[in-house]
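Residues per chain, in single letters:
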Amino acid sequence: MNHIHQFKELHHSEEILLLGNAWDPLSALALEKAGFRAIGTTSGGIAKSLGYNDGEQIDFDVHLGIIKSIVNSVKIPVSADIESGYSDNADAIIDNVLRTADLGVAGINIEDSPKNQSELRELVKHCDLLSRMRTALENNGYHEFYINARVDTLFKKQGLTETIDRAKAYVESGASGVFIPLLREDDEIRAVAEQVSAPLNVASLPGLTNGHKLKELGVKRFSLAAALFIKMQAFLETSASQVFENQDTSLLYVR
């Protein structure tokens, strides 16, 4: 079974897909060793590990190189977070999607919030982009490639109705599933899961951590997002500070 088909099937299993998010080969290998069945890349983790802020601040070729190193390091499916596509031009975004697919990933995350504007991409334009993206992938042999359409309405203080309307439109335009950051209330999660006919992805947040509960609410994919990277970064900074302050490295050897 190829990774693209395998990854799609994981979203339609009876079990929720707990998706680990990696930022380099070491983190990807750790997730695979822990038993994760698939991983996604974290654009924030990748950017910060290279000294940049999140938000398409790094060169896309550099980003592709990191994604490729992650794909090559593991034997499980990898989905790539390419933010809003690293361009304002639809043709260039589609080309970037195909370049990403060529690396051997099983899917992508694509956002509806371009980095050069404060508002979401117009609904009609984003639906057209997703439709053209799906056609281009199919025409290049990437059948069943997983397009996880991120809906950023809640970042923009838009309500649940707008969120569901966009999610439905994206699925009708070719998205395989929808990812809604900041979705956290039980009744709202259940409403989206019931009204949108595609797998719902939510991200780990403080207070939103239990995959078993999310499965009962209808969630099919639960992502760590940047949480593991943030935890690692905090541990690294705290450990380095303690070593320097105490002029003693003994804590580095405590299990």
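Up top is the structure these notes are about.
Note that the structure is a prediction, hence the values are computed from the model and not measured.

## Things to note about the nonpolar core
Move 1: Core analysis: the biggest nonpolar cluster contains 73 residues, and I39, M133, L137, F145, L200 and L214 have the highest contact counts within it.
Move 2: Once residues within four sequence positions are removed from consideration, L200 is found in contact with V178, I180, L183, I189, V192, A193, V219, K220 and R221.

## A word on the packing of helix 7 (residues 160-172) against helix 8 (residues 186-195)
Move 1: Look at helix 7 against helix 8: their axes get within 10 Å of each other, and the N-to-C directions meet at 30°. As summarised for this structure, helix 7 and helix 8 are arranged roughly parallel, according to the angle between their axes. In this structure, helix 7 crosses over helix 8, and the sense of that crossing is right-handed. Residue-level inspection shows L160, I164 and K168 of helix 7 in contact with helix 8, the latter providing E188, A191, V192 and Q195.
Move 2: Its residues placed into classes, the contact of helix 7 with helix 8 shows 4 nonpolar, 1 polar and 2 charged.

## Structural notes on the sheet that holds strand 4 (residues 107-111)
Move 1: Spatially, 8 strands are ordered 1-2-3-4-5-6-7-8 in a closed barrel, and the strand pairing comes out parallel. Averaged over all neighbouring strand pairs, the angle between strand axes comes to 25°, with direction disregarded.
Move 2: By the bridge criterion, 3 bridges tie strand 3 (residues 78-81) to strand 4 in an arrangement that is parallel. The partner of S79 across the bridge, within strand 4, is G107.
Move 3: The strands touched by helix 1 (residues 3-10) within the sheet are strand 1 (17-22), strand 3, strand 5 (146-150) and strand 8 (221-223), with strand 1 carrying the most contacts at an inclination of about 125°.
Move 4: Helix 4 (residues 60-73) rests against strand 1, strand 2 (39-41) and strand 3 of the sheet, and its axis sits at about 165° to strand 3.

## Points about the packing of aromatic side chains
Move 1: Enumeration according to the criterion identifies 4 aromatic pairs in this entry.
Move 2: Both rings, one in W23 and one in F229, keep their centres 5.1 Å apart while their planes meet at 80°; by these two values the pair is edge-to-face. Separated by 206 residues along the polypeptide, W23 in the loop between strand 1 and helix 2 (25-34) and F229 in helix 10 (residues 227-246) bring together distant segments of the chain.
Move 3: Note on Y142 and F145: the rings are 6.1 Å apart at their centroids and 65° apart in plane angle, and the pair reads as edge-to-face. Taken as a pair, Y142 and F145 share a single burial class, namely buried.

## Regarding a nonpolar patch on the surface
Move 1: Together, L50, Y52 and V62 make up an exposed nonpolar region whose accessible area comes to about 260 Å².
Move 2: Positionally, Y52 belongs in the loop between helix 3 (43-49) and helix 4.

## Quick look at the side chain of T153
Move 1: The topology assignment puts T153 in the loop between strand 5 and helix 7.
Move 2: Those residues in contact with T153 that lie beyond four places of it in its chain are L120, Q158, E162, T163 and R166.

## Some words on the pattern of salt bridges
Move 1: Using the criterion set out here, one finds 10 salt bridges in the structure.
Move 2: As a salt-bridge pair, D112 and R166 come within 3.7 Å of each other at their nearest N and O atoms. Placement of the pair is D112 in the loop between strand 4 and helix 6 (123-139) and R166 in helix 7, with a sequence separation of 54 residues. Here D112 and R166 have matching classes, each one buried.
Move 3: Each of E83, E111, K115, R150 and D152 takes part in a single network of salt bridges with overlapping partners.

## What to know about unusual backbone geometry
Move 1: Although it is not a glycine, E56 adopts a positive phi angle of roughly 60°.
Move 2: With respect to the helices and strands, E56 occurs in the loop between helix 3 and helix 4.
Move 3: We classify E56 as buried; its relative accessible area is 18%.
Move 4: A positive phi angle, near 75°, is found at L182, a position not held by glycine.
Move 5: With respect to the helices, strands and loops of the structure, L182 is situated in the loop between strand 6 (177-179) and helix 8.

## Comments concerning the environment of R134
Move 1: Positionally, R134 belongs in helix 6.
Move 2: For R134, a relative accessible area of 15% gives the class buried.
Move 3: Along the chain, R134 and G45 lie 89 residues apart, while their C-alpha atoms are 27 Å from each other.
Move 4: In contact with R134, not counting residues within four places along its chain, are E144, F145, I147, G174, A175 and S176.
Move 5: For R134, the side chain forms a polar contact with the main-chain oxygen of G174, separated by 2.9 Å.

Scoring rules and cut-offs
- Residues numbered from 1 in each chain as written.
- Predicted model: local features only at pLDDT ≥ 70, side-chain atom pairs only at ≥ 80, totals over all residues.
- Heavy atoms only, no water.
- Core = buried A, V, L, I, M, F, W, Y, C linked by side-chain atoms within 4.5 Å.
- Buried < 20%, exposed > 50% of the residue type's maximum accessible area, 1.4 Å probe, protein only.
- Contact = heavy atoms within 4.5 Å.
- Axes fitted to C-alpha atoms, helices over the stretch in contact; angles between N-to-C directions.
- Helix = DSSP H or I, 4+ residues; strand = E, 2+ residues; numbered from the N terminus.
- Parallel < 35°, antiparallel > 145°, perpendicular 65-115°, else oblique.
- Left-handed = near helix turned anticlockwise from the far one by under 90°.
- Nonpolar A, V, L, I, M, F, W, Y, C, P; charged D, E, K, R; others polar.
- Pairing = 2+ DSSP bridges.
- Phe/Tyr/Trp six-rings, centres within 6.5 Å; stacked < 30°, edge-to-face > 60°.
- Patch = residues over 30% accessible without salt bridge, like charges linked within 9 Å, V, L, I, M, F, W, Y side chains within 5 Å.
- Areas by Shrake-Rupley, 256 points an atom, 1.4 Å probe, with all protein chains shown as cover.
- Salt bridge = Lys/Arg side-chain N within 4 Å of Asp/Glu carboxyl O.
- Polar contact = N/O pair within 3.5 Å; in protein donor to acceptor, adjacent residues only side chain to side chain.

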